Amino acid sequence: MSFGLSLKPSNLPEKTLAFTNRCYASQADLERLCGAPSKSQYVEVKSCVFSIEAHRLMEPGTIAFNKVQREFAKIGLNQEVFVKQFLVPAGFDLGTCKMEVDFFIKPTPETPKLEVRDEELESLVRKNFEAQVFAVGQTIAVDYNGQLLKFDVRSLMPPDLGDGVARTKVNSGLLASLTELDFQQGPSGKLHVLSNKVQQRNIFRPDFNFEDLGIGGLSKQFGDIFRRAFAARIFPPHMIRDLGINHVRGMLLYGPPGTGKTLIARKLAKFLKAAEPKIVNGPEVLNKYVGQAEENIRNLFADAEKDEKTLGENSPLHVVIFDEIDSICKSRGSTRDGTGVHDSIVNQLLSKIDGVDSLNNILLIGMTNRKDLIDEALLRPGRLEVHVEISLPDEHGRVEILNIHTKSMRDKGYLDPAVSIQEIATRSKNFSGAELEGLIRSATSYAMNRKVSFTDLSIKDGDFRVCNEDFDMALDEVKPAFGQHTDEFEKCIPGGLQPYSEEFSHMIGSCMSIIEQLRGSTNTPLMSLLLHGERGCGKTALSAHLAQKSDYPFVRRITSENYVGYSEPAKIAAIAKVFEDAYKSDLSCIVLDDIERLIDYVRIGPRFSTPVLQALFALLKKPPPKENSRLLVLGTTADPHFLEEADLFQAFNVALQVPVLSQPPHYKAVLEALPGFTAPAVQEISAGIAGKSIGIKTLLLVAEMAVQRENPVQMGVFLECLKQCGIA
């Protein structure tokens, strides 16, 4: 049982003892408390443990503390305290000790910054305080090269014994030779601790794993994000400063809707070993009160500013995520609301990211579907300088996404083993991540529907399985926003395509050769093909047939009927939007049907729209900006002479004339396949109209009119209908 004494506190016998963190007593009192002298002896005063030594100047019945020790243990000079020996228990050694280092006397704004390497601090602490007992909240005074510093103990952890048992924080422990010391700078911001310890700069949680993010098909994008935004933050801050560079403060994730931009930002923030991320939807910043929107922006950076001031280079990373950033950061001067609030928001954001008092502990992640709307000043280096396009996933990416979304049903046995994820990925070209998730929901709904009895809404007996038939129906139901618009093209060729001559078949072969050339080409990102011929020769049907046969993931048709009532700027914007959407796909086809009508061509009056013509010039010459993307433009016109005069004819790489029917075998090939035409009548009609140039579309119209009037059709009725259609 330990022996205790009531002793009177006093000041230290010598000023130099203030930096030893020990208390002192007379030799006689020390022997009464702790017995025979030994290397390390400890006493407990008011539940606080101190190392104790004997000093020749100490009077019996007194015990000396420095001011810091007295404040920590709440000891007054005029009242006796009970002092007893402290015996160090087994397992009292510390594994980790985190200390905050700052000036002992609060510095003034004029005080110069002091930089101290953590190796020097560790050497100093081990030399003066090893084998002493430290407690959380304790302050230690240290003389560092004539500078008076204080070390505040912030947290203590026991050693990691490698037995898999989770460690919990302790309130006190013994500073041992194996104790790991971790130094952080104090709140004044005037003292900087320089550290080479890589683990101090670990910005990801220890259990971080890219696979756990649950985002498929974005390996390359993650590599770019890590290299540009996070790799430098792993290195010691002073090394980055010595290199003369600043950390990346902002990145922009852009791309089509549903590709996973918001998901990336949220998942990434979840795994960052940083301050709690602030996630803001763009419109939430706006407020009806003047100046409140700007204050909302400032509040987002308030915590980062506080940490930057107090912790300096050792400040934790603060992540601010802006979803739909284009809603508040439009190009200045582009809005006409009269308040100028959007311009003020952009100015406030610019000043916070890269202003006079710019922060180096901030990472702003913006997300948008419309990069073109964002103010250019926000996109330059030093601000949102890392631009990562989150595009539509390729086939490998679609396999990853489908595996992620079907993992649970596969593990629980609800997915039929015969279902091939690879086959579904092959068939789901240009599906975004969100659309693939919708595809799986649709397939599951078909499987559930099969198990429901509609008489009493009960569940039928038997195993529940999502099978191939469910995915087949789901693929027919869920269509990608950037996929093939097959309905438009099917309306153009309701009866299919009828080859009527060798010349026509040869031209089809030439077109398909161009389509396949572009599919496999690495040198030709843009190919344009113009189909011209007289009205009624089937140019629209042929272009629709080629677009469908191309089987390109993205296929669109631009025709004048879609833009009735549009102003010139609106029409140009709509046409440009189709091309912008096409650039997001690896392989795309756009049909410009009836080009002269698109540019409002008439033979009298103003004749045509110059702005639309110039827009088509630019779009036909602009290759897809995305690497490895290829675009095929199919144009049709009934007036190639006008296009030559307007120089638009020369903008196409290849021009082919669609042949008309002019010989009896041509007419027979078409009429024999139609109802209402007997073999003798076909022979007679073909011979009777020999030498006339008739387009396939016109011939089919005449045949339908004749069948309505007479069935079976005779020569006289057919010629009458032909004359009524303008062919004498």
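Counting restarts for each chain, with residues numbered from 1 along the sequence as it is written. Where local features are concerned, this predicted model is filtered to residues with pLDDT of at least 70; where side-chain atom pairs are given and counted, the filter is 80 or more; whole-chain, interface and lining totals use all residues. Side-chain metrics in this entry use all non-hydrogen atoms of the structure; hydrogen atoms and water are not considered.

The name an unreviewed UniProt entry gives the protein is Vesicle-fusing ATPase, with Symbiodinium pilosum as the organism.

Engineer: Got a sec to walk through the overall build of the protein? Specific residues and values, please.
Structural biologist: Numbering goes from the N terminus for both helices and strands, where a helix is a DSSP run of H or I of at least four residues and a strand is a run of E of at least two. Scanning the protein from terminus to terminus reveals 24 helices and 26 strands. In terms of overall size, the protein is more extended than a compact globule, its C-alpha atoms giving a radius of gyration of 40 Å where 728 residues would be expected to give roughly 27 Å. Principal-axis analysis of the C-alpha atoms gives the protein an extent of 140 × 65 × 45 Å. Only protein chains enter the accessibility calculation, which uses a 1.4 Å probe; a residue whose area is less than 20% of its type maximum is buried, one above 50% is exposed, and one in between is partly exposed. Counting only residues that meet the buried cut, the protein has 48% of its 728 residues in that class. For a compact globule the rule gives 2.2 Å times the number of residues to the power 0.38, and the radius of gyration it is set against comes from C-alpha atoms.

Engineer: Quick rundown of the pattern of salt bridges? Include the residues and the values.
Structural biologist: What makes a salt bridge here is a side-chain nitrogen of Lys or Arg within 4 Å of a carboxyl oxygen of Asp or Glu, nothing more. Inspection of the entire model under this criterion finds 25 salt bridges. Of the charged contacts, one joins E100 and R154 as a salt bridge, the two residues approaching to 3.0 Å between their closest N and O atoms. With a gap of 54 residues between them, E100 in strand β7 (residues 96-103) and R154 in strand β11 (residues 147-157) connect regions that are remote in the sequence. In this structure, the salt-bridge partner of K278 is D303, at a minimum N-O distance of 3.1 Å. In this pair, K278 is assigned in strand β16 (residues 278-281) and D303 in helix α8 (residues 302-311), connecting sequence segments 25 residues apart. The exposure class assigned to K278 is partly exposed, which follows from its relative accessible area of 21%.

Engineer: Help me get a handle on a nonpolar patch on the surface, residues and values and all.
Structural biologist: Residues enter patches when they are more than 30% accessible in relative terms and free of salt bridges; like-charged ones are connected within 9 Å and nonpolar ones (Val, Leu, Ile, Met, Phe, Trp, Tyr) within 5 Å. All accessible-area figures derive from a Shrake-Rupley calculation using a 1.4 Å probe, and residue coverage is judged against the displayed protein chains alone. A cluster of nonpolar side chains, contributed by F235, M239, L243 and I245, occupies part of the molecular surface with about 370 Å² of accessible area. Considering the arrangement of structural elements, one finds I245 in the loop between α5 (237-243) and β15 (250-254). Taking relative accessible area as the criterion, I245 reaches 43% and is therefore assigned partly exposed.

Engineer: Tell me about the packing of helix α21 (residues 664-671) against helix α23 (residues 696-709), residues and numbers included.
Structural biologist: Running from amino to carboxyl end, α21 crosses α23 at an angle of 55°, the nearest separation of the two axes being 11 Å. What the angle tells us is that α21 and α23 run oblique. The element α21 and its partner α23 pack so that their crossing is right-handed. Across the interface between the two elements, Y667, V670 and L671 from α21 touch I696, L699, L700 and A703 from α23. Geometry is summarised by axes, namely lines fitted to C-alpha atoms with helices restricted to the contacting stretch, and by angles between N-to-C directions that run from 0 to 180 degrees. Roughly parallel refers to an angle under 35 degrees, roughly antiparallel to one over 145, roughly perpendicular to one between 65 and 115, and oblique to any angle outside these ranges. Crossing handedness is defined as follows: a turn of the near helix away from the far one that is anticlockwise and smaller than a right angle gives a left-handed crossing, while the clockwise case is right-handed. Here, two residues are considered to be in contact whenever any of their heavy atoms come within 4.5 Å of each other.

Engineer: If you had to explain the packing of helix α17 (residues 568-583) against helix α19 (residues 610-621) to someone new, which residues and values would you point to?
Structural biologist: It is at 9 Å that the axes of α17 and α19 come closest, and there the two elements cross at 10°. With respect to α19, the element α17 is oriented roughly parallel. Where α17 crosses over α19, the handedness of that crossing is right-handed. Note on element contacts: α19 touches α17 through P611, V612, A615, L616 and L619, opposite E568, K571, I572, I575, A576, F579 and Y583. Classifying every residue of the contact of α17 with α19 gives 10 nonpolar, no polar and 2 charged. Residue polarity follows a fixed list, in which Ala, Val, Leu, Ile, Met, Phe, Trp, Tyr, Cys and Pro are nonpolar, Asp, Glu, Lys and Arg are charged, and the others, Gly among them, are polar.

Engineer: Let's hear about the domain arrangement of the protein: which residues, and what values?
Structural biologist: The start and end points of each domain follow an automatic or database-based domain assignment. For the protein, the assigned domains read domain 1 (4-85), domain 2 (96-194), domain 3 (210-389), domain 4 (395-477), domain 5 (486-657) and domain 6 (664-725). On a C-alpha basis, the centroid separation for the pair domain 1 and domain 2 is 23 Å. A simple way to read buried area is as the amount of 1.4 Å-probe accessible surface that goes missing from two parts once joined, with both sides added. Taking both sides of the interface into account, the surface hidden between domain 1 and domain 2 amounts to around 1100 Å²; carbon and sulfur atoms contribute 57%. Polar contacts, as counted here, are pairs of nitrogen or oxygen atoms within 3.5 Å of one another; within protein the pair requires one atom able to donate a hydrogen and one able to accept it, and residues that are adjacent in sequence qualify only if both atoms are side-chain atoms. Linking domain 1 with domain 2 are 3 residue pairs in polar contact (both at pLDDT 80 or more). Going through the elements one at a time, β4 (48-54) and α2 (67-73) are the ones with two or more residues in the side of domain 1 that touches domain 2.

Engineer: Lay out the sheet that holds strand β17 (residues 318-323) in plain terms, naming residues and giving numbers.
Structural biologist: In space, the 5 strands of this open sheet follow the order β16-β17-β18-β15-β19, with parallel pairing throughout. This sheet does not close on itself; its edge strands, each paired only once, are β16 and β19 (386-389). Between one strand axis and the next, the sheet turns through 15° on average, direction left out of account. Between any two strands, pairing holds if DSSP finds at least two bridges. When β16 meets β17, the two strands line up parallel, connected through 4 bridges. Within β17, the position partnered with N281 by the bridge is D323.

Engineer: Quick rundown of the pairing of strand β24 (residues 587-593)? Include the residues and the values.
Structural biologist: Extensive coverage of β24 is indicated by the burial of 7 of its 7 residues. Here β24 shows a buried face lined by L587, C589, V591 and D593 and a second buried face lined by S588, I590 and L592. As defined by bridge partners, strand β23 (residues 554-559) adjoins β24 across 6 bridges and the pair is classed as parallel. Bridge pairing in β24 places R556 opposite I590. In terms of strand pairing, β24 meets strand β25 (residues 630-637) through 6 bridges, oriented parallel. Bridging across to β25, L592 finds its partner in G635.

Engineer: Explain helix α10 (residues 395-411) residue by residue, including any values.
Structural biologist: A helix is expected to span 1.5 Å for every residue after the first. The first and last C-alpha atoms of α10 sit 23 Å apart over 17 residues, in line with the 24 Å expected at 1.5 Å per residue. Remark: the principal bend of α10, roughly 45°, maps to H405. Regarding α10, the residues found buried are G397, R398, V399, I401, L402, T406 and M409. On the buried face of α10, the contacting elements are α11 (421-427) and α12 (433-450). Note on bend: the value at a residue is the angle between axes fitted to the seven residues ending there and to the seven starting there.

Engineer: Any details on helix α15 (residues 502-520)? Residues and values, ideally.
Structural biologist: Because each turn of an α-helix spans 3.6 residues, side chains separated by three or four positions end up pointing in the same direction. Look at α15: 27 Å from first C-alpha to last across 19 residues, which is about the 27 Å you get at 1.5 Å a residue. When we look at burial in α15, the residues that qualify are F504, M507, I508, C511, I514, I515 and L518. One face of α15 carries all of its buried residues, which in axial projection span an arc of 120°. Exposed positions of α15 whose direction lies more than 90 degrees from the buried face are E502, H506 and G520. Lining the buried residues of α15 we find β22 (526-532), α16 (539-550), β24, β25 and β26 (654-657). As used here, the arc is the angular range of directions from the helix axis to the C-beta atoms.

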